[in-house]
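The chain contents come next:
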Amino acid sequence: MSEPRRLEVLRAIVEDYVHSREPVGSKALVDRHRLGVSSATIRNDMAVLEEEGLIAAPHTSSGRIPTDKGYRLFVDRISEVKPLSAAEKKAIQTLLEGAEDVDDVMDRTVRLLAQLTNQVAVVQFPRVGGASVRHIEFVLLAPQQVLVVLIATNGTVQQRIVRLPSDIQEGGLAEIKQRVLSAVSGAKLEALPSDLGSVASQLPPGIRAHGSTIVKALEQLAGLGREDRMLLAGTANLARSTGDFPLSIGPVLEALEEQVVMLRLLSEMEYDARGISVRIGSENPYGGLSGASVVATGYGPDAGAKLGVLGPTRMDYPTTMAAVRAVARYLSRILDE
């Protein structure tokens, strides 16, 4: 059996099974694919693929389905990630460019990825470890109520309404803002607590308690900005493919709910020369995901944050890889602006 034909037969089995969800027989392969050999030759080829653990018989069926190992070889042989169509690219661009802020961009991104792939989409919020303070705003809503707003250089906006110990005038609030800005303008978010350390104690006694309350709120907002957050969309797509999971979708849903598991999985995934990472079935280190595949990539500065999709191992890998990469590129471009 020639190596190129063996790979061609495997590719045909993967494509047919992904499309039909039915085990694939030799006659169907001869009928649907121009393999240039007889059905008997294909049967021999399939026997070799089965011996190598690349395909398997699911039950008494005469057809075969790819194993995790078979999908892995198929994915590794995808030499180039195909580009999306012009219409798909335009749809991504139009949807993401209409977003109002980072939260809206993330929400649109995760929903778009779920629609493009018909899988569960996962987007990790931009990491703010390297982000700095772009602007700070204090808005007096009432004599004892101030809206504290922290805007970071990566576009994230955190805000909180703070109740003050007593009334404050606009002039006093302006002085607190000036002192705070001179201490932290352009500072890294993670350095905010130390940079703000002595600000309140240096304020005039009349506004010192107010300043202390506002500084505490700012420190908390900076901490919120550093926490890893994740958005999900398309979990209904899992329900439509329950037959693809060996046991049930329960363990997969549990892993998705445990954001820590998904964030750790995304952070551990290593990217190949195509800039994409694919984990198939049993390659996933978390038991609940042993019947699922994850396709992910990085985006933003240094590709530090991740986005991807999760679905059954019976996945249209070429299309999914193309969508994940294209959406990540558009997202990076929009966040850059």
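As a starting point, this report considers the structure included with it. (Residues numbered from 1 in each chain as written. Predicted model: local features only at pLDDT ≥ 70, side-chain atom pairs only at ≥ 80, totals over all residues. Heavy atoms only, no water.)

What about the overall build of the protein chain?
Each helix and strand counted, the protein chain has 13 helices and ten strands in total. In terms of C-alpha radius of gyration, the protein chain reaches 26 Å, well past the compact-globule figure of 20 Å for 337 residues. Principal-axis analysis of the C-alpha atoms gives the protein chain an extent of 90 × 40 × 30 Å. The burial tally for the protein chain puts 47% of its 337 residues in the buried class. (Helix = DSSP H or I, 4+ residues; strand = E, 2+ residues; numbered from the N terminus. Rg over C-alpha atoms; globule rule 2.2 N^0.38 Å. Buried < 20%, exposed > 50% of the residue type's maximum accessible area, 1.4 Å probe, protein only.)

Some words on the packing of aromatic side chains
Per the stated rule, a full pass over the model turns up one aromatic pair. Taken together, a centroid distance of 5.6 Å and an interplanar angle of 55 degrees make the contact between tyrosine 71 and tyrosine 317 tilted. Of the two residues, tyrosine 71 sits in helix 4 (residues 68-76) while tyrosine 317 sits in helix 13 (residues 317-336), which places them 246 residues apart along the sequence. Take tyrosine 71 and tyrosine 317: they sit in the same class, and that class is buried. (Phe/Tyr/Trp six-rings, centres within 6.5 Å; stacked < 30°, edge-to-face > 60°.)

A closer look at a nonpolar patch on the surface
Among the surface-exposed residues, Val139, Leu141 and Ile161 lie close enough to one another that they form a single nonpolar patch of about 250 Å² accessible area. Along the chain, leucine 141 turns up in strand 4 (residues 133-142). (Patch = residues over 30% accessible without salt bridge, like charges linked within 9 Å, V, L, I, M, F, W, Y side chains within 5 Å. Areas by Shrake-Rupley, 256 points an atom, 1.4 Å probe, with all protein chains shown as cover. Salt bridge = Lys/Arg side-chain N within 4 Å of Asp/Glu carboxyl O.)

What to know about the nonpolar core
For soluble globular proteins, nonpolar side chains are generally found buried alongside one another. By size, the foremost hydrophobic cluster in this structure holds 58 residues, and its most contacted members are Leu29, Val295, Leu307, Tyr317 and Met321. Of the residues forming this core, the biggest block, eleven residues, is contributed by helix 13. Apart from residues lying up to four places away in sequence, leucine 307 is in contact with Thr109, Leu113, Val122, Val123, Val295, Ala296, Thr297, Tyr299, Val324, Val327, Ala328 and Leu331. Ranked by size, the runner-up nonpolar core spans 28 residues in total, among them Val162, Ile168, Leu196 and Leu203. (Core = buried A, V, L, I, M, F, W, Y, C linked by side-chain atoms within 4.5 Å. Contact = heavy atoms within 4.5 Å.)

Observations concerning the sheet that holds strand 10 (residues 305-312)
With antiparallel pairing, five strands are arranged side by side in an open sheet as 7-3-10-9-8. Two strands lie at the open edges of the sheet, namely strand 7 (230-233) and strand 8 (277-280), each paired on one side alone. Between one strand axis and the next, the sheet turns through 15 degrees on average, direction left out of account. Summarising the sheet, strand 9 (residues 292-299) and strand 10 pair through eight bridges and their orientation is antiparallel. What sits directly across from threonine 297, in strand 10, is leucine 307. Sheet contacts for helix 6 (residues 102-117): strand 3 (120-124), strand 7, strand 9 and strand 10; angle to strand 3, the most-contacted strand, approximately 150 degrees. The sheet strands contacting helix 13 are strand 8, strand 9 and strand 10, and the helix crosses strand 9 at an angle near 25 degrees. (Pairing = 2+ DSSP bridges. Axes fitted to C-alpha atoms, helices over the stretch in contact; angles between N-to-C directions.)

Examining the side chain of threonine 297
Structurally, threonine 297 can be placed in strand 9. We classify threonine 297 as buried; its relative accessible area is 6%. A distance of 2.6 Å separates a polar side-chain atom of threonine 297 from the backbone oxygen of glycine 275. In contact with threonine 297, other than residues within four places in its own chain, are Tyr271, Gly275, Ile276, Ala305, Lys306, Leu307, Val324, Arg325 and Ala328. (Polar contact = N/O pair within 3.5 Å; in protein donor to acceptor, adjacent residues only side chain to side chain.)

Points about the pattern of salt bridges
Here the structure, examined in full by the defined rule, presents 13 salt bridges. Of the charged contacts in the structure, one is a salt bridge between aspartate 45 and arginine 5, with a shortest N-O distance of 2.7 Å. Of this pair, aspartate 45 sits in helix 3 (residues 39-51) while arginine 5 sits in helix 1 (residues 3-20), and the two are 40 residues apart along the sequence. The class of aspartate 45 is buried, set by a relative accessible area of 2%.

A few points about the sheet that holds strand 4
Pairing between sheet strands relies on hydrogen bonds along the backbone, with the strands arranged either parallel or antiparallel. With respect to topology, three strands assemble into an open sheet ordered 4-5-6, the strand pairing being antiparallel. A single partner strand is all that each edge strand has here, and the edge strands are strand 4 and strand 6 (157-163). Each adjacent strand pair in this sheet contributes to an overall mean axis angle of 15 degrees, direction not counted. Relative to strand 5 (residues 145-152), strand 4 runs antiparallel, the two being bridged by eight bridges.

As for the packing of helix 5 (residues 86-97) against helix 6
Close contact between helix 5 and helix 6 brings their axes to 9 Å; oriented N to C, the two are set at 155 degrees. The angle between the axes of helix 5 and helix 6 places the two elements in the roughly antiparallel class. The crossing of helix 5 and helix 6 is right-handed. Between helix 5 and helix 6, the contacting residues are Ile92, Leu95 and Leu96 on the first element and Val105, Arg108, Thr109, Leu112 and Leu116 on the second. The residue inventory of the contact of helix 5 with helix 6, partitioned by class, reads six nonpolar, one polar and one charged. (Parallel < 35°, antiparallel > 145°, perpendicular 65-115°, else oblique. Left-handed = near helix turned anticlockwise from the far one by under 90°. Nonpolar A, V, L, I, M, F, W, Y, C, P; charged D, E, K, R; others polar.)

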